[in-house]
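These are the residues of each chain, in order.
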Amino acid sequence: MKRIGIIVVAALAAVSVGFLTSCSKKNADGNAPRKIVAATGAGARPNTFVKDGVIVGYETDVLKEVFSRLPQYNLEIIKTEFASIFTGLDAGLYQVGYNQFEYNTTRGEKYIVSDVSGLIPRGIIMRADRNDIKGIFDLPHHKTISQPTNANTNLYKRWNAAHPDQEIILELVDDSLLGTYESRLIDGTIDFYYHFSSNLLANNEVSKVQGLKLIEVPTQDKLAFTGVPDGIFFLFPKGEEQLAADYNKAFEEAFADGSIHKIFLKYYETYFQDKLDTDYIEFIKDYIAKDVAKNSAK
């Protein structure tokens, strides 16, 4: 088990930060490329976050790499509130949404979901002196918090509906309060928080406060517990089928030539060195190549 500390998440300043691909690109027919706006909350380190006023991270770099292969589009990346990603997609303001999105049935029905674009281990964080939660199947009868549109909320509600005698106690909070889980674990008002291990470890680099521990959740346990496709995805509004198809094709090409692998190492080698030593990268390659998430979602 890894001992980690409470994370104090500083609010990002409400400034406009973004990325725009070169405007000198031309389509094959010489016409100007179509502008594509991708929106993110940029608060899910190391997948999407702001550094020195610029949006960076694994997903951000993947998006830039993919669209660099699509001369018919000019990509602009903007930061917005988490909930605004969805309203912007619905209103046609954004053509791509991303923020470490996992698959759930609502998203699958409402949006076009990309092929799986990454697979990141999950972990359970709790107070270091607790011994009553040893894995994901120990979460029932324990309390946590989640944000209404968070994928975890869908997970917990689905579990509770199927297991009324083993419910997970869920408190819904605003997005601005989601980062309070660390202090609430310490004061005992919640029992656990389930999240991407890399996010928990990355946040701990900022806080360096002791008092919590992290338990890794094996991928097979996560799949058995949730019963939904695993991975992280980009979302496109309905009507953008061609854009989504172009993204998927370019991603496959970037994956095949090793570009996605390099981006993954750039952001995740620090957090998953032990797994890299046990062929974790090969597991991810195999997982994405088989497109398990897309096939399971059908």
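Overview of the structure.

Cut-offs and rules
Residues numbered from 1 in each chain as written. Predicted model: local features only at pLDDT ≥ 70, side-chain atom pairs only at ≥ 80, totals over all residues. Heavy atoms only, no water. Pairing = 2+ DSSP bridges. Helix = DSSP H or I, 4+ residues; strand = E, 2+ residues; numbered from the N terminus. Buried < 20%, exposed > 50% of the residue type's maximum accessible area, 1.4 Å probe, protein only. Lys, Arg positive; Asp, Glu negative; His and termini not counted. Salt bridge = Lys/Arg side-chain N within 4 Å of Asp/Glu carboxyl O. Contact = heavy atoms within 4.5 Å.

**Remarks on the sheet that holds strand 4 (residues 43-44)**
Paired through backbone hydrogen bonds, the strands of a sheet run either parallel or antiparallel to each other. Spatial ordering of the open sheet is given by 4-5-6, a layout of three strands whose pairing is antiparallel. Among the strands making up the open sheet, the edge pair consists of strand 4 and strand 6 (54-56). Here strand 5 (residues 48-51) runs beside strand 6; their pairing, made up of three bridges, is antiparallel. In the sheet register, Lys51 faces strand 6, and the bridge partner there is Val54.

**Focus: unusual backbone geometry**
The linkage connecting Arg45 with the following residue, Pro46, adopts the cis geometry, with an omega of 10°. Inspection of the secondary structure puts Pro46 in the loop between strand 4 and strand 5. At Ala42, a residue that is not glycine, the phi angle is positive and equals roughly 55°. Its relative accessible area of 1% is what places Ala42 among the buried residues. Of note, the phi angle at Gln100 is positive, near 60°, even though the residue is not glycine. Within the element layout of this structure, Gln100 appears in strand 8 (residues 96-101).

**Comments concerning the side chain of Glu59**
Along the chain, Glu59 turns up in helix 1 (residues 58-67). One buried charge, Glu59, has no salt-bridge partner; the nearest side chain with opposite charge is Arg107, at 9.4 Å. Beyond its immediate stretch of four places on either side in the chain, Glu59 contacts Asn47, Thr48, Tyr98, Asn99, Gln100, Phe101, Ile232, Phe233 and Phe234.

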